[in-house]
Amino acid sequence: MSGTSAALQPPADAVKPVRHPDAPAPGELLGAHYSQCFGCGDEQPHGLHLAARAGEGVSITAEFTVRPAHQGAPGLAHGGVLATALDEALGSLNWLLRTIAVTGRLETDFVRPVPVGTVLHLEAEVTAVAGRKIYCTATGRVGGPDGPVAVRADALFIEVKVDHFVDHGRPEEIRAAMEDPDQVRRVRAFEVNP
């Protein structure tokens, strides 16, 4: 991405990301981290319903279809929705690291309009890790996985403890997520987003 701010440049002592040994296999669908998540949740009627798959290394691919509820200008995706799709794809990378992290910074370039009805094909990867900081990048393409770039982003995620969500989330949602009998869903509910 051109013009990325200094805050998104990994420091000299950053290390190459390492995929966790228990991370989903390449090609495996990651599924929603939380059913009420606007980005990936299956219980959000107007959400993106973004479906991410593990890629090679510390990367994912994902896609979502821009629906009428996602438009800003008539017939075109809202820029905030496109930024949300990038943020969700980038946040999904943390499942491959098996790290709980939140978005610290997200810089987005909007390259071309994305019409309603378009499938946005996303690719994201972690580029470096420095302590609690996770540096990553993503692109969104139209017309197929090799189509022209419509949006792109660089991001910085910050590793946090589950207490971050307990201390700042609404108690009823935190309690419901903590009491979920599905252990994987229970852990994943607290995986991404501030």
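Anything mentioned here points back to the structure above.
Note that this is a predicted model, so its numbers are computed, not measured.

Scoring rules and cut-offs
Residues numbered from 1 in each chain as written. Predicted model: local features only at pLDDT ≥ 70, side-chain atom pairs only at ≥ 80, totals over all residues. Heavy atoms only, no water. Helix = DSSP H or I, 4+ residues; strand = E, 2+ residues; numbered from the N terminus. Buried < 20%, exposed > 50% of the residue type's maximum accessible area, 1.4 Å probe, protein only. Contact = heavy atoms within 4.5 Å. Areas by Shrake-Rupley, 256 points an atom, 1.4 Å probe, with all protein chains shown as cover. Salt bridge = Lys/Arg side-chain N within 4 Å of Asp/Glu carboxyl O. Core = buried A, V, L, I, M, F, W, Y, C linked by side-chain atoms within 4.5 Å.

K.L.:
Can you help me understand the overall build of the protein chain in this one?
P.N.:
A count of helices and strands for the protein chain gives five helices and six strands. For the protein chain, the α and β elements follow one another from N to C terminus as β-β-α-α-β-β-β-β-α-α-α. The burial tally for the protein chain puts 44% of its 194 residues in the buried class. In the protein chain, 66% of the contacts between residues at least 6 apart in sequence involve partners at least 24 apart. On the protein chain, roughly 9600 Å² of surface is accessible, and the fraction owed to carbon and sulfur atoms is 53%.

K.L.:
Would you explain the pattern of salt bridges in this entry?
P.N.:
It is possible for side chains bearing opposite charge to pair when their charged atoms get close. Applying the stated criterion across every chain yields a total of two salt bridges. The partner of Arg105 in a salt bridge is Glu107, and the shortest N-O contact between them spans 2.9 Å. A relative accessible area of 38% means that Arg105 is categorised as partly exposed. Classification of Glu107 as buried rests on a relative accessible area of 14%.

K.L.:
For this particular structure, what's the right way to read the environment of Ala52?
P.N.:
You can see Ala52 is positioned in strand E1 (residues 51-54). Since its relative accessible area comes to 5%, Ala52 is described here as buried. Sequence-wise, Ala52 and Ala62 are 10 residues apart; in three dimensions their C-alpha atoms are separated by 4.1 Å. Setting aside anything within four residues of it in sequence, one finds Ala52 in contact with Glu28, Leu29, Leu30, Gly31, Ile60, Thr61, Ala62 and Ser92.

K.L.:
I tried to follow the nonpolar core on my own but got confused; where do I start?
P.N.:
Soluble globular proteins: nonpolar side chains tend toward being buried together. Ile60, Phe64, Leu90, Val114, Leu120, Leu122 and Val126 are the most contacted members of the largest nonpolar core, which has 38 residues in total. Listing elements by their share of this core, those giving two or more residues are E1, strand E2 (59-65), helix H1 (79-92), helix H2 (94-97), strand E4 (119-130), strand E5 (133-141) and strand E6 (149-159). Ignoring any residue separated from it by four or fewer positions in sequence, one finds Leu120 in contact with Ala62, Glu63, Phe64, Leu82, Ala85, Val114, Gly140, Arg141, Val142, Ala150 and Val151. Counting six residues, the second largest nonpolar core, distinct from the first, contains Leu8, Ala130, Leu156 and Ile158.

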